[in-house]
Amino acid sequence: MVDAMKKSERPPYGLIAVLMIGAFIAFLNNTLLNIALPSIMADLKIEASTVQWLTTGFMLVNGVLIPTTAFLIQKYSVRHLYLAAMGLFTIGTLISGVADVFPVLLAGRMLQASGSAILMPLLMNVMLVSFPIEKRGLAMGVFGLILMAAPAIGPTLSGWIIEHYDWRMLFHFVTPIAILVLLIGFFLLKDKKEKVDIKLDFISLILSSAGFGGILYGFSSAGTKGWDSPIVYGTIIAGVVALVTFILRQIKQDDPMLNFSVFKYPMFSLASAISIVLNMSMFSGMLLIPIYVQTIRGISPMDAGLMLLPGAILMALMSPLTGKLFDQFGGRILAILGLSITVITTYLFSKLALDTGYYYLMGLNAVRMLGMSMVMMPVSTNGLNQLPKRLYPHGTAMNNTLNQVSGAIGTALLVTVMTNRTETHAKEIGEEMMRNAPQSADAGQITPELLAQLKEQIAMKAMLEGINDSFFVATFIALVSLVLAFFIKRAKQAEDKDMVPVTARNLSKNRA
């Protein structure tokens with residue numbers, strides 16, 4: 001497939017369009033589900049700690065399968081991988097739509113994840129080999145526009161469906177579209193691939209699954225089980241040991257499953273570091289804003305989705321523009337400006353009140369999304385641009401794996417901060433109210449109804465302060481990304497002989 005693209009000056013737009021449609025459906029399905037979790041809990045009579053596995057399980061499957069995509073892309077044709085990925089996704093959607101018990105729903109969700117894990121690295125690799133470096137920013141920007149449209153549509157569409165239909169309609173809505181996209185791919189994708197003499201190292205696969213899976217499971221479980229749970233720290237430690245063993249094994253192999261030599265290229269390593277840190281901070285908005293809006297403010301799911309809509313639309317529309325600016329000016333100035341906006345807006349989110357205005361939240365979130373749109377794709381593209389073509393599959397697989405891991409870590413960290421600080425603030429507010437109680441009322445005047453109201457007020461104020469503290473931590477996380485952005489330099493594609501180690505000296509040379 002790569003050789004065919006090299007011989008043709010014109011990028012395979014038809015192939016890219018089919019891949020983008022498939023990726024869009026997968027992204028849309030993921031954003032549709034988030035707002036439906038309360039309805040699923042009520043219908044299937046399960047707790048929050050159980051329903052969260054629909055998200056955690058999805059991340060686990062992605063974390064386990066994405067490292068294998070570098071091998072799959074080199075071994076099989078785009079046609080075969082696409083049909084396998086969309087087939088798994090479609091079957092998973094069908095199963096989820098008819099699920100009457102949670103285990104069946106979870107099984108369908110994990111089948112969806114197995115297809116989604118292949119689609120994104122496959123599309124990224126095709127984009128990289130189809131466009132020269134000087135045109136790659138705009139191409140990636142259009143790619144971002146299409147994929148960011150899914151988060152823009154998802155929450156609002158999901159809120160409307162949940163208010164009018166059963167939650168299963170979310171899957172029934174996606175199923176015919178997924179089947180149509182699968183058929184389009186079956187008839188239109190005709191690429192062939194020469195037989196490649198490469199074999200999958202099953203020991204590496206086991207170590208990779210245990211490593212990434214253990215770390216993802218541990219951090220994802222920390223928000224509900226607590227950091228002192230043996231399951232949490234046990235799986236994290238086991239995952240780290242397996243991951244270190246996996247890395248050492250890959251370094252020694254001539255044809256590794258996941259090539260860690262990509263980190264010998266300074267701009268790729270720097271882009272990975274910025275993306276990891278920013279991903280952790282980004283989850284603060286995705287998690288905390290809906291909690292604040294729906295739990296504290298009592299805003300309906302539909303209105304909550306509408307509140308997030310302008311930010312998602314702005315982020316989508318900005319993608320082609322930032323891609324074009326990246327081609328002209330490089331990633332450094334975009335990253336610095338975008339991260340500065342992100343840091344300031346994240347800090348302003350740490351000042352929320354019980355009566356913060358709806359349109360103020362909408363505008364602040366939109367500006368925050370604007371800042372992030374100037375960072376994610378340009379930084380990632382700049383890092384991938386430095387890799388030689390033979391490492392593109394490994395670079396895209398590494399990026400997607402690190403995104404899953406950093407997302408799980410960011411989720412666990414921010415949920416833990418919010419939970420712990422909420423408990424602390426609840427005690428402080430309760431003690432303060434007890435100290436002031438004798439001055440305002442006699443003990444006999446405190447009725448059960450008044451006591452219930454006081455407890456509710458304490459819980460709301462404590463949760464508000466916990467959310468603010470979590471946003472404050474996210475501000476410092478984003479600030480780390482801003483500092484790293486000053487080291488970005490426009491990347492030039494390296495040949496194999498140009499591989500250099502990542503050292504402080506090299507990074508200082510690469511400062512613009």
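It should be emphasised that the depicted structure is a prediction, and the values quoted were computed from it without experimental measurement. (Residues numbered from 1 in each chain as written. Predicted model: local features only at pLDDT ≥ 70, side-chain atom pairs only at ≥ 80, totals over all residues. Heavy atoms only, no water.)

**Q** Teacher, can you tell me more about the packing of aromatic side chains here?
**A** How two aromatic rings sit relative to each other is given by the distance of their centres and the angle of their planes. Per the stated rule, a full pass over the model turns up eleven aromatic pairs. Consider the rings of Trp167 and Phe171, whose centres lie 6.3 Å apart with planes at 85°: the pair is edge-to-face. Note on accessibility: Trp167 and Phe171 belong to one class, buried. With centroids separated by 6.3 Å and ring planes inclined at 55°, the aromatic side chains of Tyr347 and Phe472 adopt a geometry described as tilted. Here Phe472 lies in helix α19 (residues 448-485) and Tyr347 lies in helix α15 (residues 332-349), a separation of 125 residues in the sequence. By relative accessible area, which is 36% here, Tyr347 ends up partly exposed. With relative accessibility at 38%, the residue Phe472 sits in the partly exposed group. Taken together, the ring pairs in this structure connect Phe212, Phe246, Phe260, Phe263 and Phe268 into an aromatic cluster. (Phe/Tyr/Trp six-rings, centres within 6.5 Å; stacked < 30°, edge-to-face > 60°. Buried < 20%, exposed > 50% of the residue type's maximum accessible area, 1.4 Å probe, protein only. Helix = DSSP H or I, 4+ residues; strand = E, 2+ residues; numbered from the N terminus.)

**Q** In this structure, what is going on with a nonpolar patch on the surface? I would like to understand it.
**A** Residues Ile344, Tyr347, Leu348, Tyr360, Phe472, Phe476, Leu479 and Val483 make up a contiguous nonpolar surface patch of about 740 Å² in total accessible area. Counting residues per element, the ones that place at least two in the nonpolar patch are α15 and α19. Looking at the secondary structure, you find Leu479 in helix α19. By relative accessible area, Leu479 is classed as partly exposed at 34%. (Patch = residues over 30% accessible without salt bridge, like charges linked within 9 Å, V, L, I, M, F, W, Y side chains within 5 Å. Areas by Shrake-Rupley, 256 points an atom, 1.4 Å probe, with all protein chains shown as cover. Salt bridge = Lys/Arg side-chain N within 4 Å of Asp/Glu carboxyl O.)

**Q** Whenever I open this one, the pattern of salt bridges confuses me. Can you help?
**A** Side chains bearing opposite charge may pair, as long as their charged atoms lie close to each other. Going through the model one piece at a time under the given rule, you end up with four salt bridges. In this structure, Asp100 and Arg168 form a salt bridge, with 3.7 Å as the shortest nitrogen-oxygen distance. Taken together, the residues span a long stretch of sequence, with Asp100 in the loop between α7 (78-97) and α8 (102-130) and Arg168 in the loop between α9 (133-164) and α10 (169-188) at a distance of 68 residues. A relative accessible area of 14% places Arg168 in the buried class. Across the pair Arg421 and Asp469 runs a salt bridge, and its minimum N-O distance is 2.9 Å. You can see Arg421 sitting in helix α18 (residues 392-440) and its partner Asp469 sitting in helix α19, a full 48 residues away along the chain. Through salt bridges with shared partners, one network takes in Asp43, Asp100, Asp166 and Arg168.

**Q** Even after reading the chapter, I still don't get unusual backbone geometry, so can you show me in this structure?
**A** A positive phi angle, near 55°, is found at Lys45, a position not held by glycine. Mapped onto the elements, Lys45 comes out in the loop between α3 (37-44) and α4 (48-51). Using a relative accessible area of 73% as the deciding quantity, one classes Lys45 as exposed.

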